[in-house]
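Spelled out from the first residue to the last, the chains are:
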Amino acid sequence: MVGEIIAVWFGSVHQLAMTATYAIEDLCLHEEYVHPLREEINRIAPEGLCPELAAMPLLDSFLRETVRCTNSDAITVRRKALTPFTFSDGVRVDQGDWVCIPQRAMMRDPARYSHAQQFDGFRFARANKLLALNEGCADVPEGAPLQLTDVDVDWPIWGLGNTACPGRFYATTVLKLMMVCILQGWECRLADPRALRWRTWRSSVVPRTGTVVVFQRRQMESPTLVRRA
Ligand code: HEM
């Protein structure tokens, strides 16, 4: 019981905190996204009304790009073979062997993503728009899932199958609400934009405590001005 509780606690608290940290740092490092994201928020949630998170494709795309560029774990979907197993490509594992998906390498693979090493916050939003027009987009893998919460071999950040993360809808809602709050009420910047952002521990990619984000309260526009704009 203790092991199970600790595992769920670690997974739910730490994964969400790490993902949120990387998202805030990305907002600081790529300030060109602040204006379009604020515009989307003002359109969907004028006058600080509870935002309709599902209707924010740019924010969803930005967060997906954050996750793509900075997974908090290099591997996912750890599975132990209970019996010998042969994959469709002929790879064989013995009973007791472990297999996993190398998600960090997949997410940075230039064969899957155009300019894979670059942060392109709206690549997923562009891909979804083209898909709606029945056109492909070379920026993301063909048949890539549509949104952050999707579970797919091309988007294995939540795991796969029966044990895929049940907390993903909650985690995504919290992430989006945090971003909305920050974008609406705060300006943020990294104290040192060249500071190292993470360190690795086993397969985990953990934010560094020394990476400082400076928050400054925004001068809020009045709701009337927001509406006119
Ligand atoms: C960004 C945040 C999160 C990420 C990236 C994440 C990712 C994952 C991954 C990769 C797995 C393993 C799935 C598999 O092996 O198939 C998992 C399992 C799980 N997650 Fe999350 N998670 C997050 C947040 C949360 C939160 C907030 C909760 C709870 C409120 C949660 C609850 C769980 C539970 C209970 C499992 C075990 C599912 C099972 O074994 O049946 N997770 N998560």
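Use the structure listed above.
Cut-offs used in this document
Residues numbered from 1 in each chain as written. Predicted model: local features only at pLDDT ≥ 70, side-chain atom pairs only at ≥ 80, totals over all residues. Heavy atoms only, no water. Helix = DSSP H or I, 4+ residues; strand = E, 2+ residues; numbered from the N terminus. Buried < 20%, exposed > 50% of the residue type's maximum accessible area, 1.4 Å probe, protein only. Contact = heavy atoms within 4.5 Å. Salt bridge = Lys/Arg side-chain N within 4 Å of Asp/Glu carboxyl O. Patch = residues over 30% accessible without salt bridge, like charges linked within 9 Å, V, L, I, M, F, W, Y side chains within 5 Å. Areas by Shrake-Rupley, 256 points an atom, 1.4 Å probe, with all protein chains shown as cover. Axes fitted to C-alpha atoms, helices over the stretch in contact; angles between N-to-C directions. Parallel < 35°, antiparallel > 145°, perpendicular 65-115°, else oblique. Nonpolar A, V, L, I, M, F, W, Y, C, P; charged D, E, K, R; others polar. Near = heavy atom within 4 Å. Polar contact = N/O pair within 3.5 Å; in protein donor to acceptor, adjacent residues only side chain to side chain.

1. Thoughts on the side chain of Ser114
Thought 1: Turning to its location among the elements, Ser114 is positioned in the loop between helix 4 (103–107) and helix 5 (123–132).
Thought 2: Taking relative accessible area as the criterion, Ser114 reaches 16% and is therefore assigned buried.
Thought 3: Those residues in contact with Ser114 that sit more than four places away from it in its chain are Arg123, Ala138 and Asp139.

2. Here we look at the pattern of salt bridges
Thought 1: Going through the model one piece at a time under the given rule, you end up with twelve salt bridges.
Thought 2: Connected through salt bridges with shared partners, the residues Glu25, Asp26 and Arg197 form a single ionic network.

3. Quick look at a nonpolar patch on the surface
Thought 1: Taken together, the side chains of Val2, Ile6, Trp9, Phe10 and Val13 make up a nonpolar region of the molecular surface, amounting to roughly 490 Å² of accessible area.
Thought 2: Along the chain, Val13 falls in helix 1 (residues 2–29).
Thought 3: The class for Val13 is partly exposed, based on a relative accessible area of 39%.

4. Considering the packing of helix 3 (residues 57–69) against helix 5
Thought 1: Contact pair helix 3 / helix 5: the axes reach a minimum separation of 7 Å and the direction vectors enclose 125°. When the axes of helix 3 and helix 5 are compared, the pair comes out oblique. Across from Pro57, Leu58, Ser61, Arg64, Glu65 and Arg68 in helix 3, the residues of helix 5 making contact are Arg123, Phe124 and Ala125.
Thought 2: Partitioned by chemical class, the residues of the contact of helix 3 with helix 5 number four nonpolar, one polar and four charged.

5. Quick word on the site of the ligand
Thought 1: Surrounding the ligand, one finds 17 residues, the nearest of these being Ser12, Arg79, Leu160, Thr163 and Cys165.
Thought 2: Residue Leu160 places a main-chain N or O atom 3.1 Å away from an oxygen atom belonging to the ligand.
Thought 3: At 2.9 Å, a side-chain N or O of Thr163 approaches an oxygen atom of the ligand.
Thought 4: At the level of elements, helix 1, strand 1 (76–80) and helix 6 (168–185) are the ones that each hand at least two residues to the shell around the ligand.
Thought 5: Of all the elements, helix 1 adds the most residues to the shell around the ligand, at four residues.

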